Amino acid sequence: MNNAYYQLIKPGIVRANIITAIAGYLFASKGDVQLGSFLLAMFAIGMVIAGGCVLNNVLDERIDALMERTKNRVLPAKRLPKGEALIYGLLLVINGSILLLLFINTITFLLGLASVLLYVALYGWVKRRSPLGTEVGTLPGAASIVAGYTAVTGQLDVTAATLFIFMVVWQMPHFLAIAIFRKEEYKRAKIPVLSVVADNEVVKRRILVYLVLLCIVAPLPYMFSYASLLYLLPTLAATLYWLYQAIATFRKDSVKWARSNFGISLVVLMVFSVSLSLSGLLT
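Definitions and limits used
- What you see as residue numbers is a count from 1 along each chain, following the sequence as written.
- Reporting in this predicted model follows two pLDDT cut-offs: at least 70 for local features of residues, and 80 or more for side-chain atom pairs to be given and counted; totals over whole chains, interfaces and linings ignore these cut-offs and use all residues.
- With hydrogens and water stripped out, all remaining heavy atoms of the structure feed into the side-chain values.
- Only protein chains enter the accessibility calculation, which uses a 1.4 Å probe; a residue is then buried when its area is under 20% of its type maximum, exposed when over 50%, and partly exposed in between.
- Only DSSP runs of H or I covering at least 4 residues are called helices, and only runs of E covering at least 2 are called strands; the numbering of each starts at the N terminus.
- Put simply, a nonpolar core is a bunch of buried Ala, Val, Leu, Ile, Met, Phe, Trp, Tyr and Cys residues held in one set by side-chain atoms that sit within 4.5 Å of each other.
- Only heavy atoms enter the contact rule, under which two residues are in contact if any of them lie within 4.5 Å.
- By the criterion applied in these results, polar contacts are pairs of N or O atoms within 3.5 Å in which, for protein atoms, one can donate a hydrogen and the other can accept it, and in which residues neighboring in sequence qualify only through two side-chain atoms.

### Thoughts on helix α8 (residues 143-153)
Every α-helical turn comprises 3.6 residues, leaving residues that sit three or four positions apart pointing alike. Extensive coverage of α8 is indicated by the burial of 9 of its 11 residues. Within α8 the residues assigned to the buried category are A143, S144, I145, V146, A147, G148, Y149, T150 and A151. Just downstream of α8 lies G154, where phi reads positive at about 70°.

Right under this line is the structure:
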């Protein structure tokens with residue numbers, strides 16, 4: 001039962017978002033990390049993210065039951081009652097939001113609530129009806145790094161915008177790659193991701209467009225903010241490498257190509273997060 005509650009929060013998604021939230025916080029701290037505030041902010045942000053994931057699981061129970069990779073999730077497998085999961089998700093969101101409001105700041109509190117609404121309500125509605133669901137899904141997905149940043153600064157500014165833009169663009173080739181190698185599952189669940197409504201070659205070309213764009217936006221925190229070369233050089237090198245590999249192996253089998261690009265995307269995210277953190281801590 002306890003493991004069911006843990007699995008319900010989508011721990012992989014929570015971890016990935018916390019990594020970017022940490023990067024945003026450390027970057028904004030400029031080397032002056034208040035440990036208590038840092039731990040509390042990450043805990044509260046993590047609760048809100050986890051709650052949003054639980055609510056998404058509640059909403060997607062029928063869809064998850066139709067897809068191979070999700071059919072054994074907690075709710076489709078009937079390991080917890082749906083009503084209990086709903087209460088659990090709401091409690092996580094509410095308690096995390098209260099912590100952000102009382103002990104962090106209003107901007108981060110509002111950002112957390114907005115991201116949950118975007119993820120659960122808007123994304124949940126659009127993804128069932130349009131390939132644009134992927135684009136909509138990048139908005140709450142990019143909120144975590146901004147929440148980490150605003151937990152320190154208490155404001156949305158140009159720097160927050162550059163971090164947000166990078167994460168939005170990074171997510172597109174990441175999720176479009178998943179759409180290729182999970183195409184049949186999305187088709188079975190009647191989710192009209194781009195790979196379902198268009199040929200794989202169309203999706204692959206779209207991925208290349210986003211990778212070119214990612215190489216363009218990667219320098220933005222260096223150009224318009226206070227990110228140093230500790231950030232710029234590793235991040236730009238990683239994004240350029242991703243683009244190079246995608247072009248060099250473009251004629252490869254679509255599924256193998258997509259899986260390869262998915263793996264590289266995770267490496268790029270880690271390089272971005274670590275280099276951004278070091279740029280904030282050491283300069």
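### Considerations on the nonpolar core
Counting 95 residues, the largest nonpolar core has F166 and F272 as its most contacted members. At 14 residues, helix α9 (residues 158-181) tops the list of elements feeding residues into this core. With residues up to four places along the chain from it excluded, the contact list for F272 reads I145, L163, F166, M167, Y231 and T235.

### Description of the side chain of K204
Positionally, K204 belongs in helix α12 (residues 200-217). K204 gets classed as buried once you look at its relative accessible area, which sits at 1%. Within polar-contact distance, the side chain of K204 engages the backbone oxygen of K252 at 3.3 Å. Those residues in contact with K204 that lie beyond four places of it in its chain are I180, F250, K252, S254 and W257.

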